[in-house]
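An overview of the molecular structure
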Amino acid sequence: MSNNDEKQSSLKQLHQGLGIPADYATSCALPLCLEPAALVNTELDFYHRQQRLTPGAFSAWTEMREAATNQGISLFLISAFRGYQYQHDIIAAKLEKGQTIEEILRVNAAPGYSEHHSGRAVDLGTLGCDALSEKFEKTNAYKWLVEHSDSYGFSLSYPRDNPFGIDFEPWHWCYTQD
């Protein structure tokens, strides 16, 4: 069995264990995100946890954060790389709290389909705004990102009415240059 076949089999098992529909990959239109071969440690996130990104994404994130800081904008990491099992565990915890799989898949991609697996996605926060809140859209940090993120290779992954069926996530940005 090839490495790719092993990953597909492992993802299928993770999905079955969570009750994710068998047609998820085709119905959501999200691309499969493979875990990268190389990741580097970033600064600690908002919760003082070590995060990891691909070398290119980390370099671009650092440059973008410094540019924002120099313009009086606070930006910090809330989350970066997540492995397939970590994504599974996030969804499993929400299921245990009584959420339905349909509700969860509107805010969390299934294992294998989260951009966080690529090592290029970042969830960002700013001072004075609750983490992972749609209120982030009203901040100067969000306005700055909309105007400047493309210069650093980042784009907003889940705008309003995106084709993937993921709820609007103004805090979720992905480095598109790797």
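Details of the structure are given in the entry above.
My aim in this report is to walk through the structure given alongside it, one point at a time. (Residues numbered from 1 in each chain as written. Predicted model: local features only at pLDDT ≥ 70, side-chain atom pairs only at ≥ 80, totals over all residues. Heavy atoms only, no water.)

Moving on, we get to the pattern of salt bridges. Using the criterion set out here, one finds five salt bridges in the structure. Residue R49 pairs with D45 through a salt bridge whose shortest N-O separation is 2.7 Å. Each of E134, E137 and R160 takes part in a single network of salt bridges with overlapping partners. (Salt bridge = Lys/Arg side-chain N within 4 Å of Asp/Glu carboxyl O.)

On inspection of all chains with the given rule, the structure shows eight aromatic pairs. Note on F136 and Y142: the rings are 6.2 Å apart at their centroids and 80° apart in plane angle, and the pair reads as edge-to-face. For the pair formed by F136 and Y142, the shared burial category is buried. Through a chain of ring-to-ring contacts, the aromatic side chains of F46, Y47 and F76 assemble into a single cluster. (Phe/Tyr/Trp six-rings, centres within 6.5 Å; stacked < 30°, edge-to-face > 60°. Buried < 20%, exposed > 50% of the residue type's maximum accessible area, 1.4 Å probe, protein only.)

Below, the discussion takes up the pairing of strand β6 (residues 172-175). By the alternation rule, side chains of β6 split into H172 and C174 and W173 and Y175, which are all buried. Bridge analysis of strand β4 (residues 121-125) against β6 gives three bridges, and the strand direction is antiparallel. Bridging across to β6, D123 finds its partner in H172. (Helix = DSSP H or I, 4+ residues; strand = E, 2+ residues; numbered from the N terminus. Pairing = 2+ DSSP bridges.)

What follows is about the layout of surface pockets. Estimates place the volume of the largest pocket at around 490 Å³. At the level of secondary structure, the elements contributing two or more residues to the lining of the largest pocket comprise β3 (76-79) and α4 (84-96). Per element, the largest residue contribution to the lining of the largest pocket is four residues, and it comes from α4. When the residues that make up the lining of the largest pocket are grouped by side-chain class, the tally is 12 nonpolar, eight polar and six charged. In this structure, the second largest pocket spans a volume of roughly 230 Å³. Around the second largest pocket, the lining residues are Q8, L11, K12, H15, Q16, I20, P21, A22, Y24, A25 and Y113. (1 Å grid on protein atoms, 1.4 Å probe; cavity = no way out; pocket = protein on both sides within 12 Å on 5 of 7 lines; lining within 4 Å. Points joined across faces, edges and corners; volume = space filled by probe spheres on them. Nonpolar A, V, L, I, M, F, W, Y, C, P; charged D, E, K, R; others polar.)

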